[in-house]
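Examination of the molecular architecture
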Amino acid sequence: MTVSKALTAEVRHEIEHLHAFFQDWYSGHSAVSDLGPRFLDRMDPALTFIGPDGRQQTRDDLHRAFDRAHGAQAHLRIAVRNLRLLRTEAEMFFATYEEWQHRGPNAPDGRTARIATVIMTRGLPFRWLHVHETWLPDAVRDAGSFDF
């Protein structure tokens, strides 16, 4: 299996674009009307999301959570790092990436880092089918840079 640089760049753009929306949404810099086109329209109706705490959520669960969270983290910043496109099967992609979050100086859990595995299909827009996140070890998080 050969993964082209062009395809890797497309997947990177999709992941970074979605996380830019998260940052805009949680900080309150996006309009409420952006939730559909910038987030929900990208999530498959049968999406499975497993957070780093092990809790499994559906697309509908995420929709409800996002409805309540607009503007809830005014200082949130997110960086996507170390993307690896692992495999492609027809129009389906398997990738991993790290998501680093800095929630501001006064947040009790102000700096977090996780690794995510994602399965998505290519299209306009990409369609996210499955996401599984796991906390990075504390030593990795503590050694990482939050200058973003």
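Each remark here, short or long, concerns the structure printed above.
Report follows, based on the coordinates.

With that out of the way, let us pick up the sheet that holds strand S4 (residues 92-102). Strand order in the open sheet formed by 6 strands is S2-S1-S6-S5-S4-S3, and the pairing between neighbours is mixed. Looking at the sheet topology across the chains shown, the edges are occupied by strand S2 (56-58) and strand S3 (77-89). Taken over all neighbouring pairs, the strand axes of this sheet differ in orientation by 15° on average, direction set aside. Relative to strand S5 (residues 111-121), S4 runs antiparallel, the two sharing 11 bridges.

Considering the arrangement of structural elements, one finds Arg 114 in strand S5. Polar side-chain contacts of Arg 114 include one of 3.0 Å to the side chain of Glu 133. For Arg 114, the contacting residues outside a window of four places in its chain are Pro 52, Tyr 97, Glu 98, Glu 99, Gln 101, Arg 103, Glu 133, Thr 134, Trp 135 and Leu 136.

The next thing to look at is the layout of surface pockets. One number sums up the size of the largest pocket: a volume of about 660 Å³. Lining the largest pocket are 30 residues, and of these Tyr 26, Phe 49, Gln 57, Arg 114 and Glu 133 sit closest to its centre. Elements that contribute at least two residues to the lining of the largest pocket include exactly helix H1 (5-27), strand S1 (43-50), helix H3 (59-69), S4, S5 and strand S6 (127-135). Looking at the lining of the largest pocket residue by residue, the class counts come to 17 nonpolar, 6 polar and 7 charged.

What follows covers the nonpolar core. Val 11, Ile 15, Phe 39 and Trp 128 are the most contacted members of the largest nonpolar core, which has 31 residues in total. Of all elements in the fold, only H1, S1, H3, S3, S4, S5 and S6 reach the threshold of two or more residues within this core. By residue number, the principal contributor to this core is H1, which donates 8 residues. Apart from the residues lying within four places of it in its own chain, the contact partners of Val 11 are Leu 83, Leu 85, Ala 95, Met 120 and Phe 126. Counting 5 residues, the second-largest nonpolar core is a separate cluster that includes Ala 79, Ala 113, Leu 136 and Phe 146.

Bringing the pairing of S4 into the picture now. Within a regular strand, the side chains alternate between the two sheet faces. Among the 11 residues of S4, 9 are classified as buried, and the element is accordingly described as predominantly covered. Pairing analysis gives 10 bridges linking S3 to S4, with the strands arranged antiparallel. Looking across to S4, one finds that Arg 81 is bridged to Glu 98. Turn length for the S3-S4 hairpin, with the two strands adjacent in sequence and antiparallel, is 2 residues, and the turn residue Ala 90 shows positive phi of about 55°.

Right, let's talk about H3 for a bit. Within the sequence span of H3, burial applies to Arg 59, Leu 62, Phe 66 and Ala 69. For H3, the angular spread of the buried residues around the axis is 85°, confining them to a single face. Where H3 is buried, its residues contact H1, helix H2 (35-38), S1 and S2. With a side-chain oxygen lying 3.3 Å from the backbone nitrogen of Asp 60, the N-terminal cap of H3 falls on Thr 58.

How each quantity is defined
Residues numbered from 1 in each chain as written. Predicted model: local features only at pLDDT ≥ 70, side-chain atom pairs only at ≥ 80, totals over all residues. Heavy atoms only, no water. Pairing = 2+ DSSP bridges. Helix = DSSP H or I, 4+ residues; strand = E, 2+ residues; numbered from the N terminus. Axes fitted to C-alpha atoms, helices over the stretch in contact; angles between N-to-C directions. Polar contact = N/O pair within 3.5 Å; in protein donor to acceptor, adjacent residues only side chain to side chain. Contact = heavy atoms within 4.5 Å. 1 Å grid on protein atoms, 1.4 Å probe; cavity = no way out; pocket = protein on both sides within 12 Å on 5 of 7 lines; lining within 4 Å. Points joined across faces, edges and corners; volume = space filled by probe spheres on them. Nonpolar A, V, L, I, M, F, W, Y, C, P; charged D, E, K, R; others polar. Core = buried A, V, L, I, M, F, W, Y, C linked by side-chain atoms within 4.5 Å. Buried < 20%, exposed > 50% of the residue type's maximum accessible area, 1.4 Å probe, protein only. Arc of directions from axis to C-beta.

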